Amino acid sequence: STDEKLQQLPIWQRYERCLKPAFGEVKVWSWEPDSGIRPCPVYCRHCVLATQKEGVPEYVSKSFLDETFLVDGKTTLRDY
């Protein structure tokens, strides 16, 4: 998706109202590779744990860790 698509949804007004005063800029998808943004640790942990639950194939966990990249497009979640 893109920020432009999201801006067309009714929820966008809420994003701007709640986030713009605190952060100055409202982005979801269009962060630059050098922005330094990192995953929320708690949410990231929950996602990793979900891939490690019983019954989830091992390849799913490996794929999630090795094929999910940070905004820089180089650092995998596993390396992070």
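Residues numbered from 1 in each chain as written. Predicted model: local features only at pLDDT ≥ 70, side-chain atom pairs only at ≥ 80, totals over all residues. Heavy atoms only, no water.

A. Main features of the nonpolar core. Within the largest apolar cluster, five residues are counted, these being C44, V48, L65, L70 and L77. With sequence-adjacent residues up to four places away left out, C44 is seen in contact with P39 and L77. (Core = buried A, V, L, I, M, F, W, Y, C linked by side-chain atoms within 4.5 Å. Buried < 20%, exposed > 50% of the residue type's maximum accessible area, 1.4 Å probe, protein only. Contact = heavy atoms within 4.5 Å.)

B. Focus on helix α2 (residues 11-23). If you check α2, its first and last C-alpha atoms are 17 Å apart, about what 13 residues at 1.5 Å a residue would give, namely 18 Å. By the largest-angle criterion, R17 marks the main kink of α2, which is about 25 degrees, and a proline, P21, follows within four residues. (Helix = DSSP H or I, 4+ residues; strand = E, 2+ residues; numbered from the N terminus. Expected span 1.5 Å × (residues − 1). Bend = angle between axes of the 7 residues up to and from the residue.)

C. Summary view of the packing of helix α3 (residues 41-51) against helix α4 (residues 58-67). At a closest axis distance of 8 Å, the pairing of α3 and α4 adopts a crossing angle of 150 degrees. In terms of axis orientation, α3 runs roughly antiparallel to α4. Each of C47, V48 and T51 in α3 lies in contact with α4, whose residues at this interface are S61, F64 and L65. (Axes fitted to C-alpha atoms, helices over the stretch in contact; angles between N-to-C directions. Parallel < 35°, antiparallel > 145°, perpendicular 65-115°, else oblique.)

D. Looking closely at the pattern of salt bridges. The final tally for this structure, using the stated rule, is two salt bridges. Notably, a salt bridge pairs K62 with E58, separated by 3.3 Å at the nearest N-O pair. With a gap of four residues between them, K62 and E58 both fall in helix α4, about one helical turn apart. Of the charged contacts, one joins D66 and R78 as a salt bridge, the two residues approaching to 2.5 Å between their closest N and O atoms. Of the two residues, D66 is situated in helix α4 and R78 in the segment after α4; the sequence distance between them amounts to 12 residues. (Salt bridge = Lys/Arg side-chain N within 4 Å of Asp/Glu carboxyl O.)

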